[in-house]
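What follows is the residue order along each chain.
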Amino acid sequence: MNTRELQDLIIKEKKERDVCILAHAYQSHDIWEVADFVGDSYGLAVKAASAPQKTVIMAGVRFMSETVKTLSPDKKVILANPMAGCPMAIQMDHDAVLKLQAENPGYTTVAYINTTASLKTAVDIIVTSSSAVKILKNIPDKNILFIPDCNLGDWVAKQLPEKNFKFFKGGCPTHLRMTVKDVEAQRKDHPDALLLVHPECHPDVTAQADYVGSTTGIMKYAEESDAREFIIGTESSIVQHLQFACPDKKFYLLSKECVCHNMKMTTLVDIYNSVIGNGGEEITLPEDVITNSLKPINRMIELGG
């Protein structure tokens, strides 16, 4: 069986079995092509909640599946590859948050969505990379305890000098592998290219960028820009997707180290097995975790839309 034949079989089976497939932006293009929705983690969870299907398959990582389950507690949520996790999401747990809060009284705790459902129950507000600046600008609180990604936090703090930030020293290993030396090398090789990077990158890298934003923000910028060449500072799959979306433009990866091994675990066969009920892992969460992790997510929606 070749890729196209397997894709056709997945599309046939998902329709017959009434299954919705979600694909995070960092998944490979062959998985994108069988998905009902493609996007960032929170956007996918919102789409899943409004989808008519009662079974949802996540081609992504575990915390994303938990967010889907939180927003759709009555649906069956399947993580296509049970091994696919997020190193940043497990850098802190619920108890570590409580300890940090005790050490920093009077601070509002803001957590990046790239965290576990259990951790979310201990915080005040959830943010995404695309919504963080808007949301934190809208809250009256001046003192912000930002977890777990200090690089995203630093990027947000630079845009909100009126706030006081404290950080946990966490971050995304994939984005941290990109360096200023990579920027220098790629700019030398591609002097006319714009540099587009994710705010999970080190501050020294984001400081060099022509645009800093979420994964979907990066793609939108590249698609709408009049520029013809781009250096992409986020997970390597985005170069491939942009090549499909804009075949008349050129895209270069900032570093050969820009690979999320967890995202690469999920295969088209994993999707097929999950659709037919012969693979994946059903995500379950205690009722109190769903209820309490939803509170800071709802606060995000109230403040940021």
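All of these numbers come straight from a predicted model, not from anything done at the bench.

Participant: Explanation requested: the packing of aromatic side chains in the structure shown.
Facilitator: A ring pair, where both rings are aromatic, is described by two values, the distance of the centres and the angle of the planes. Counting across every chain of the model gives three aromatic pairs. Ring geometry for Tyr211 and Tyr221: centres 4.6 Å apart, planes at 20 degrees, overall stacked. With a gap of ten residues between them, Tyr211 in strand β10 (residues 211-212) and Tyr221 in helix α12 (residues 215-224) connect regions that are remote in the sequence. Overall, the relative accessible area of 23% leaves Tyr211 in the partly exposed class. With centroids separated by 5.4 Å and ring planes inclined at 15 degrees, the aromatic side chains of Phe230 and Phe251 adopt a geometry described as stacked. Note that Phe230 is positioned in strand β11 (residues 229-233) and Phe251 in strand β12 (residues 250-253), a separation of 21 residues in sequence. On the accessibility criterion, Phe230 (0% relative accessible area) is buried.

Participant: Can you walk me through the packing of helix α3 (residues 41-50) against helix α4 (residues 62-71) in this structure?
Facilitator: For any two helices packed against each other, the geometry is given by the interaxial angle and the distance between the axes. Where α3 contacts α4, the two axes come as close as 9 Å, and the packing angle between them is 35 degrees. The handedness of the crossing between α3 and α4 is right-handed. Contacts between α3 and α4 involve Ser41, Tyr42, Ala45, Val46, Ala48 and Ala49 from the former and Phe63, Met64, Thr67, Val68 and Leu71 from the latter. Along the lines of polarity and charge, the residues of the contact of α3 with α4 split into nine nonpolar, two polar and no charged.

Participant: Honestly, the environment of Leu9 in this entry has me stumped. Any pointers?
Facilitator: With respect to the helices and strands, Leu9 occurs in helix α1 (residues 3-17). Taking the relative accessible area as the measure of exposure, Leu9 reaches 23% and is therefore partly exposed. Measuring from C-alpha to C-alpha, the distance between Leu9 and Phe168 comes to 45 Å, with 159 residues separating the pair along the chain. Discounting residues that sit within four places of it in the chain, Leu9 has contacts with Met1 and Tyr272.

Participant: Whenever I open this one, the pairing of β11 confuses me. Can you help?
Facilitator: It is a general feature of regular strands that their side chains alternate between the two faces of the sheet. Summarising burial for β11: four of the five residues are buried, a large majority. The sheet contact formed by strand β9 (residues 194-197) and β11 spans four bridges and is parallel. In the strand pairing of β11, Leu195 is matched with Ile231. Note: β11 against β12, four bridges, orientation parallel. Bridging from a neighbouring strand, Glu229 pairs with Lys250 of β12. On the question of chirality, the crossover connecting β11 to the parallel β12 by way of helix α13 (residues 237-245) is right-handed.

Reading guide: rules and limits
Residues numbered from 1 in each chain as written. Predicted model: local features only at pLDDT ≥ 70, side-chain atom pairs only at ≥ 80, totals over all residues. Heavy atoms only, no water. Phe/Tyr/Trp six-rings, centres within 6.5 Å; stacked < 30°, edge-to-face > 60°. Helix = DSSP H or I, 4+ residues; strand = E, 2+ residues; numbered from the N terminus. Buried < 20%, exposed > 50% of the residue type's maximum accessible area, 1.4 Å probe, protein only. Axes fitted to C-alpha atoms, helices over the stretch in contact; angles between N-to-C directions. Left-handed = near helix turned anticlockwise from the far one by under 90°. Contact = heavy atoms within 4.5 Å. Nonpolar A, V, L, I, M, F, W, Y, C, P; charged D, E, K, R; others polar. Pairing = 2+ DSSP bridges. Right-handed = clockwise from strand over helix to strand, strands pointing away.

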